[in-house]
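# Fold and geometry: a report
Chain by chain, the residues run as shown.
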Amino acid sequence: MCIEKWKRTLYILWLANFCVAAGTSLIIPFLPLYIESLGVHSETDIAHWSSWVFAAQFVTSFVFQPVWGAFADRRGRKLMLLRAGFGMGVMTALMGLVHAPWELLLLRFVNGVFSGFISMAVSLQASVTPPEKTGRALGMLQTGSVSGSLIGPLVGGVLAEALGYHGVFFFTGAMLIVASLIVLVFVHENPVAQKERQKQKASWHELVPLWPVFLATFMTQLAMMSIEPIVTIFTRDIYHGANLSIIAGLVVAMSGIANLIGTPTLGRLGDKIGQRKVLLFALIFAALSFIPQAIAHSLGMLLVGRFCLGLFLGGMIPSLQVLVRKLAPVNIQATAFGWNSSSMFLGNLVGPLVGGSVAAAYGIRSVFYITLSLLLANAAVVALNRKLGKSEPVGHVASK
């Protein structure tokens, strides 16, 4: 495939990923308030329902991502993008029609079955990008979803005031459907490469070399999410000025802002010196970024630590995605991306649980040290596994 075509695909998928990430994060700011409007009034009950509703999608996403990845290897990645986009769009719109919290919980479970748009966009982009440009392309693509995740909650709060809670779900569903229509009209998968993949037999043992990558993906998300449930409380402990809500929002957003810098920068660096080296570097420095957070007694130090964390964790994401492309045989590449996405969803689910449990038992600052230790252990695994540095496997058909 010519360079112009893979770049055009990148720009289109960037826009689609931005819409999907922004759409799925729109509802986060007012989810507890929406549950309260459905008839739940006790603060304890609201907290429990909010936790379950938030986590429900990650549970089914974790289970179904490898299934959809295997299906994409047989039927095509674009088809799976459309399945995810249209399916999530319809489910999200239906959430605006519920009258009880259990109905919302059920729809979030079903929505997780359809999820996987962004991971499949990564798989499709990887399949059409020249090997020497993959880190750059996937790093750029990642900034679309990061930007959407940052902007989504801000827009969601404004829309909730303007449209009401139900209206935001309808708006979000429409946004996801629009993103899917963009893909339907403008994104084209290489039919020749698809036929070549279908001719080759798949073997599950070929995924074994990728388990260190899946572990690193899981740890990346766990590290990012471990502090999320308690970051506002921690900020309140060290900041005693006005506008706590705004300051807490800044602390949360700081890692996402750093992501926008680290993801494309380290993605390009990985193309030059190798993804394994970048991954090892990012794991070590992401771990060290928890030290200023753990000892922070001022807002400035906490913000510095959060920025460094986002900078290096963001750099890990494209490196991991490129390693999946390099190490997975072409005929099961989407399956491998599915497993990698499943690892990410598992980290999203386990991270807040680990952070909350450790904070409750040993204090908030201990969460930083526990996560630091886990990341360093993961760095040791990567350092000892030199197979992660090998070139693309035999039989890989790169798109030109």
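Residues numbered from 1 in each chain as written. Predicted model: local features only at pLDDT ≥ 70, side-chain atom pairs only at ≥ 80, totals over all residues. Heavy atoms only, no water.

This next bit is on the packing of helix H3 (residues 43-75) against helix H15 (residues 333-362). Close contact between H3 and H15 brings their axes to 6 Å; oriented N to C, the two are set at 175 degrees. Judged on the interaxial angle alone, H15 and H3 are roughly antiparallel. Residue-level contacts link Ala55, Phe58, Val59, Ser61, Phe62, Gln65, Pro66, Gly69, Ala70, Ala72 and Asp73 of H3 to Gln333, Ala334, Thr335, Gly338, Trp339, Ser341, Ser342, Phe345, Leu346, Asn348 and Leu349 of H15. Here the residues of the contact of H3 with H15 sort into 12 nonpolar, 9 polar and 1 charged. (Axes fitted to C-alpha atoms, helices over the stretch in contact; angles between N-to-C directions. Helix = DSSP H or I, 4+ residues; strand = E, 2+ residues; numbered from the N terminus. Parallel < 35°, antiparallel > 145°, perpendicular 65-115°, else oblique. Contact = heavy atoms within 4.5 Å. Nonpolar A, V, L, I, M, F, W, Y, C, P; charged D, E, K, R; others polar.)

Time to look at the packing of helix H6 (residues 117-128) against H15. For the pair H6 and H15, the least separation of the axes is 9 Å and the interaxial angle reads 145 degrees. For the pair H6 and H15, the sense of crossing is right-handed. The segment H6 lies against H15, with Ser119, Val122, Ser123, Ala126 and Ser127 engaging Gln333, Ala334, Phe337 and Ser341. For the contact of H6 with H15, the residue count by class is 4 nonpolar, 5 polar and no charged. (Left-handed = near helix turned anticlockwise from the far one by under 90°.)

Confidence in the prediction for the chain averages 83 pLDDT; 92% of positions are at 70 or higher. Confidence drops under a pLDDT of 50 for residues 391-400, and excluding neighbours within four residues, the segment shows 26 contacts in the predicted structure. (pLDDT = per-residue confidence, 0-100.)

A word on helix H5 (residues 101-114). The terminal C-alpha atoms of H5 lie 20 Å apart, and with 14 residues this matches the ideal 20 Å at 1.5 Å per residue to within 8%. Considered for burial, the residues of H5 that qualify are Pro101, Leu104, Leu105, Leu107, Arg108, Asn111 and Gly112. Seen from one end, H5 has its buried residues packed into an arc of 165 degrees, which puts them on one side. Buried positions along H5 lie against helix H2 (31-37), H3 and helix H4 (77-95). (Expected span 1.5 Å × (residues − 1). Buried < 20%, exposed > 50% of the residue type's maximum accessible area, 1.4 Å probe, protein only. Arc of directions from axis to C-beta.)

Before going further, it helps to examine the nonpolar core. Leu13, Leu81, Phe117, Val183, Leu210, Val213 and Leu375 are the most contacted members of the largest nonpolar core, which totals 83 residues. It is helix H14 (residues 299-327) that provides the largest number of residues to this core, a total of 12 residues. With sequence-adjacent residues up to four places away left out, Val213 is seen in contact with Leu320, Leu323, Val324, Leu327, Asn340 and Leu388. Membership of the second largest hydrophobic core comes to 21 residues, among which are Tyr34, Ile35, Ala160 and Val168. (Core = buried A, V, L, I, M, F, W, Y, C linked by side-chain atoms within 4.5 Å.)

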